[in-house]
Amino acid sequence: MQNYDAIYDRVISSRFTNQLVAGVNYFLQTFVDADTNFNPIALGLNTSVTSPILAGAPNIVIFGFDQVGVNPFSGRTDVTGHLTGTLSYVTGKHQLRFGGEFRRTQVDVYYNFGARGVFDFTGGQGPWASLANNPNQHTNVLSLADFMAGYVYQSTNTIGDSERLVHVNSFNLFGQDAYQATRKLNLNFGLRYEYEGPLHDNNEDLSVFIPSRGLVVAGQGISAIYPQDFLNFSPRIGFAYEPRDRGNLVIRGSYGIFFDTPPIIPFLDNVFLLNNGPLGTPDNPAGNNPVFSVQANDYTIVKDQPIFPTGPVAISGSNVLNLFSVSQTLRASYYEMYSLNVQQSLGQHWILQVGYVGSKGERLLILRDINQAALGSGFNSTAVIGPNGGSFSYQQSTRPFFSKYPNFGVINEVQSEGTSNYSSLQTTLRSSQWHGLTAQFSYAWGHNLDDMTQACCTLPQDSTNLRGDYADSDYDVRHHFVANATYNISGSSHGPQWLSHGWQLNTLMSFRTGFPFTVHATTDTSGTGENTDRGDQIGNAYAGVSHSLVSHSYVQWVNPAAFQDPPQGSFGTMRRNQLTGPGFASVDLSVFKSIPVTERLKAQFRVEMFNIFNRLNLAPPSGYFFGGFGQSTDTIGDYNGAPGVGPGEPFNMQLALKLIF
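The sections below set out a description of the structure shown in this document. (Residues numbered from 1 in each chain as written. Predicted model: local features only at pLDDT ≥ 70, side-chain atom pairs only at ≥ 80, totals over all residues. Heavy atoms only, no water.)

The secondary structure content of the chain amounts to five helices and 35 strands. In terms of principal-axis extent, the alpha carbons of the chain reach across some 90 × 60 × 50 Å. Put simply, the chain has 661 residues, and 46% of those count as buried. Sequence-distant contacts, at least 24 apart, represent 71% of the contacts inside the chain between residues at least 6 apart. By element, 57% of the accessible surface of the chain is carried by carbon and sulfur atoms, the whole surface being about 32,200 Å². Between the mean site of the 37 positive side-chain charges and the mean site of the 49 negative ones, the chain shows a separation of 15 Å. (Helix = DSSP H or I, 4+ residues; strand = E, 2+ residues; numbered from the N terminus. Buried < 20%, exposed > 50% of the residue type's maximum accessible area, 1.4 Å probe, protein only. Contact = heavy atoms within 4.5 Å. Areas by Shrake-Rupley, 256 points an atom, 1.4 Å probe, with all protein chains shown as cover. Lys, Arg positive; Asp, Glu negative; His and termini not counted. Charge placed at Lys NZ, Arg CZ, Asp CG, Glu CD.)

Now the structure itself:
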């Protein structure tokens, strides 16, 4: 990543100032498997993929095991430029600010996930499938058996060049006023307008599915993949009131509407969707550069026999293609945010603040399959002749658009139908230079709920019932306490000052409850082909569980016997994010010693110690009914990609020398 900015400030008069900012951001991201020497065709798995850029293993998903072939060569290059201007004017009791920004983003995206083929093995296809109902049978063994025998549950392959160079244009304008209404009352109010243009290119190779028209290409019947939205006005207002003349008590409140800049990823990069839908709008079989997401389900691999075609696939006969779409009623997401707090001075050096902070999200981006097959349809092996004369599976025949579009399978669509709600009690106690101590102690109780926390790569359990997924957010934390303190040690008047002066002690403490997690069923128990089913709870989730480390390898966080797969042909009854994972606690300590070298140069020696009590901070447990269900097998730092030195990792220490001049 690289950032470049140029800033021009000008004082026009004692009351009038201007600032201009021009900047460019460059971002490059690539992925590729460490080993791309695997040749599946030579070993008999004929995926028909021969492009050198796609060399390596296909994505093989054996339920209960780590995946193989996750990362073919893929990536993106982003270049974002912006020009921002702000005018400030002070007159009387008013401090006025006006400004705006123009922003243009260019993304060259070449995500090839799925272009080497994706194969799912669930254990439900072979002659041993009935053993899944045996509580003593490990279901991951059945999945492995399906793989060894070549019994495929679902598979897809992306054929064609899905690289796209897309652009997004946006601009905003704002005006605000900080007004001192009286000596005790200050008001802030303003209005912001935002325009977020739709993602587009000039090649007529982006398309969406419209039920009344089928596949429609942007530039050929519609101007863009979703409509422009010109009505994004955001009022904001706030106040600060001092009811007493002493000024040691302040009441503050605020309300505002904030529109969200839609991320590009949900439209281009939905990797690892469990229903094997396409990554995004570039992967549809339409336009000047069509891409075909071919589906083949419920079959047995035959050595050397081609599984997928090598070129364009006709939207006719018995062919089934998966699509990606964007709702034509998509609108910009927005949040209503509001707060009310009271701030009280406690003497000269301490301040206590207690308040309520809340927000409500509307029109949030979500993803769901608008062509989801009927409940239980995947367990019916009857072949059905479609309206076009082709032979289809019974599951395919139950899709809502089958009668008009029999060749279309999964149709994942980005919609602005999500909601969220957050409420919290937040308290802060802070000091400033109290006997050499500067500290802040903060505690928050909060509750966050939503339909879908991640708009990318996530599907609801039942796409026909989004409200059935309204539950605790993925990042819902009920209790969170954070404290930091700095103590400057007074030097002694005896002895050399360089030895006794310049010492500083620092600490950072963080304690929180765990994040919620979802319990998932073993396989596609609903028979819809979405593979997003949740489990059923039949007992106490924590009965007989000690949360102790077992053989230095894992912690059993929940009781596996308390859960089971739903009956065949039904959804799970557990809520999304019904259980709570391990909490987090860490205390860091550091000692600084500053030594003056010259009048302008100072050396600072640092000893920094992290997680000094060496607490084991666990990652979320596995929520899938496979081997290791309910077990936490990692630390939170390693889980988030920072092994050894990340937040909450085992005790570690670092020494540093900093030169200040």
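Moving on to the pattern of salt bridges. According to the stated counting rule, one finds 18 salt bridges in the structure shown. Between Arg76 and Asp78 there is a salt bridge; the shortest N-O distance is 2.5 Å. Assigned by exposure class, Arg76 and Asp78 land together as buried. One salt bridge connects Asp245 with Arg183, and the closest N-O pair in it is separated by 3.4 Å. Of the two residues, Asp245 is situated in the loop between strand 13 (233–241) and strand 14 (249–259) and Arg183 in the loop between strand 8 (164–180) and strand 9 (185–196); the sequence distance between them amounts to 62 residues. (Salt bridge = Lys/Arg side-chain N within 4 Å of Asp/Glu carboxyl O.)

Attention shifts here to the nonpolar core. Soluble globular proteins tend to bury their nonpolar side chains together. One finds Leu199, Ile225, Phe267, Leu268, Val326, Leu330 and Val414 to be the most contacted residues of the largest nonpolar core, which totals 29 residues. Looking at this core, the elements that each hand over two or more residues are strand 5 (94–110), strand 8, strand 10 (207–210), strand 11 (214–218), helix 2 (265–268), strand 16 (321–326) and strand 18 (350–369). Aside from chain neighbours lying at most four places away, what touches Val326 is Val208, Ile225, Tyr226, Phe267, Thr281, Glu413 and Val414. Val152, Phe292, Tyr299 and Phe308 belong to the second-largest nonpolar core, a separate cluster that totals 15 residues. (Core = buried A, V, L, I, M, F, W, Y, C linked by side-chain atoms within 4.5 Å.)

A word on the environment of Ser391. Its location among the elements puts Ser391 in strand 20 (residues 391–393). C-alpha of Ser391 to C-alpha of Pro406: the two residues are 15 residues apart in sequence and 9.8 Å apart in space. Discounting residues that sit within four places of it in the chain, Ser391 has contacts with Ser318, Ala383, Val384 and Ile385.

Next up on the list: the sheet that holds strand 11. Pairing within the open sheet is mixed, and its three strands lie in the order 10-11-12. Bordering the open sheet on either side are strand 10 and strand 12 (221–222), each of which pairs with just one other strand. Inspection of the sheet shows strand 10 paired to strand 11 by four bridges, in the antiparallel sense. Bridge pairing in strand 11 places Phe209 opposite Leu215. (Pairing = 2+ DSSP bridges.)

What the rule picks out here adds up to 25 aromatic pairs. Ring centres of Tyr195 and Phe230 lie 5.2 Å apart, and the angle between their planes is 10°; this geometry places the pair in the stacked category. Of this pair, Tyr195 sits in strand 9 while Phe230 sits in the loop between strand 12 and strand 13; the two residues are 35 residues apart in sequence, bridging distant segments of the chain. Look at Tyr405 and Phe408: their rings are 5.6 Å apart centre to centre, the planes differ by 15°, and that puts the pair in the stacked class. With relative accessibility at 13%, the residue Tyr405 sits in the buried group. Pairwise contacts between aromatic rings join Phe171, Tyr193, Tyr195, Phe230 and Phe233 into one cluster. A cation over a ring is seen here: Arg467 above Tyr470, with NZ or CZ 4.4 Å from the ring centre. For the cation-ring pair, Arg606 lies above Phe592, with the distance from its terminal atom to the ring centre recorded as 4.2 Å. (Phe/Tyr/Trp six-rings, centres within 6.5 Å; stacked < 30°, edge-to-face > 60°. Lys NZ or Arg CZ within 6 Å of the ring centre and 35° of its normal.)

Another aspect to go through is the side chain of Asn322. Mapped onto the fold, Asn322 is located in strand 16. Accessibility expressed as a relative area gives 0% for Asn322, which makes it buried. Within the structure, the side chain of Asn322 is placed 3.4 Å from the backbone oxygen of Asn276, a separation counted as a polar contact. Side-chain polar atoms of Asn322 contact the side chain of Gln295, separated by 2.7 Å. Not counting residues up to four positions away in its chain, the partners in contact with Asn322 are Thr156, Asn276, Pro278, Asp283, Ser293, Gln295, Gly409 and Val410. (Polar contact = N/O pair within 3.5 Å; in protein donor to acceptor, adjacent residues only side chain to side chain.)

Another point: a nonpolar patch on the surface. A contiguous nonpolar surface patch, about 840 Å² in accessible area, is contributed by Phe605, Phe651, Met653, Leu655, Leu657, Leu659 and Phe661. Of the residues forming the nonpolar patch, the biggest block, four residues, is contributed by strand 35 (residues 652–660). With respect to the helices and strands, the residue Phe651 is situated in the loop between helix 5 (636–639) and strand 35. (Patch = residues over 30% accessible without salt bridge, like charges linked within 9 Å, V, L, I, M, F, W, Y side chains within 5 Å.)

For the rest of this paragraph, the subject is helix 1 (residues 139–149). Owing to its 3.6 residues per turn, the α-helix brings residues three or four apart onto one side. All of the buried residues in helix 1 are Thr139, Asn140, Leu142, Ser143 and Asp146. The arc that holds every buried residue of helix 1, seen down its axis, measures 155°, which confines them to one face. Buried residues belonging to helix 1 abut strand 3 (59–62), strand 6 (118–121) and strand 7 (151–159). Once helix 1 ends, the next one or two residues include Gly150, with phi positive near 80°. (Arc of directions from axis to C-beta.)

Summarising the element assignment, Arg576 is placed in the loop between strand 30 (563–564) and strand 31 (579–580). Engagement of the side chain of Arg576 in a polar contact is seen with the backbone oxygen of Asp451, the distance being 3.5 Å. Those residues in contact with Arg576, other than ones at most four positions away along the chain, are Asp450, Asp451, Met452, Thr453, Asp469, Ala471, Asp472, Ser473, Asp474, Thr518 and Arg534.

Topologically, Gln564 is positioned in strand 30. Along the sequence, Gln564 and His349 sit 215 residues apart, while their C-alpha atoms lie 57 Å from each other.

Glancing now at the sheet that holds strand 28 (residues 549–550). Whenever strands of a sheet pair, they do so through backbone hydrogen bonds, lying parallel or antiparallel. One open sheet accounts for three strands, arranged 28-29-34; its pairing is antiparallel. Only two strands of the sheet have a single partner each, and these edge strands are strand 28 and strand 34 (631–632). Taken together, the two bridges between strand 28 and strand 29 (residues 554–556) define a ladder with antiparallel strand orientation. The residue of strand 29 that forms the bridge with Leu549 is Val555.

In the sheet, strand 8 pairs with strand 9 via eleven bridges, with the strands oriented antiparallel. Bridging from a neighbouring strand, Asn172 pairs with Glu194 of strand 9. Count of turn residues in the strand 8/strand 9 antiparallel hairpin: four residues. Here strand 9 runs beside strand 13; their pairing, made up of nine bridges, is antiparallel. Across the sheet, residue Asn188 finds its bridge partner in strand 13, namely Gly238.

Right, let's get into the environment of Gln578. Structurally, Gln578 is set in the loop between strand 30 and strand 31. The class of Gln578 is partly exposed, set by a relative accessible area of 24%. Gln578 sits 62 residues away from Pro516 along the chain, and the two C-alpha atoms are 6.6 Å apart. Ignoring anything within four residues of it in the chain, the contact list for Gln578 reads Phe517 and Gln537. One polar contact links Gln578 to Gln537, side chain to side chain, over a distance of 3.0 Å.

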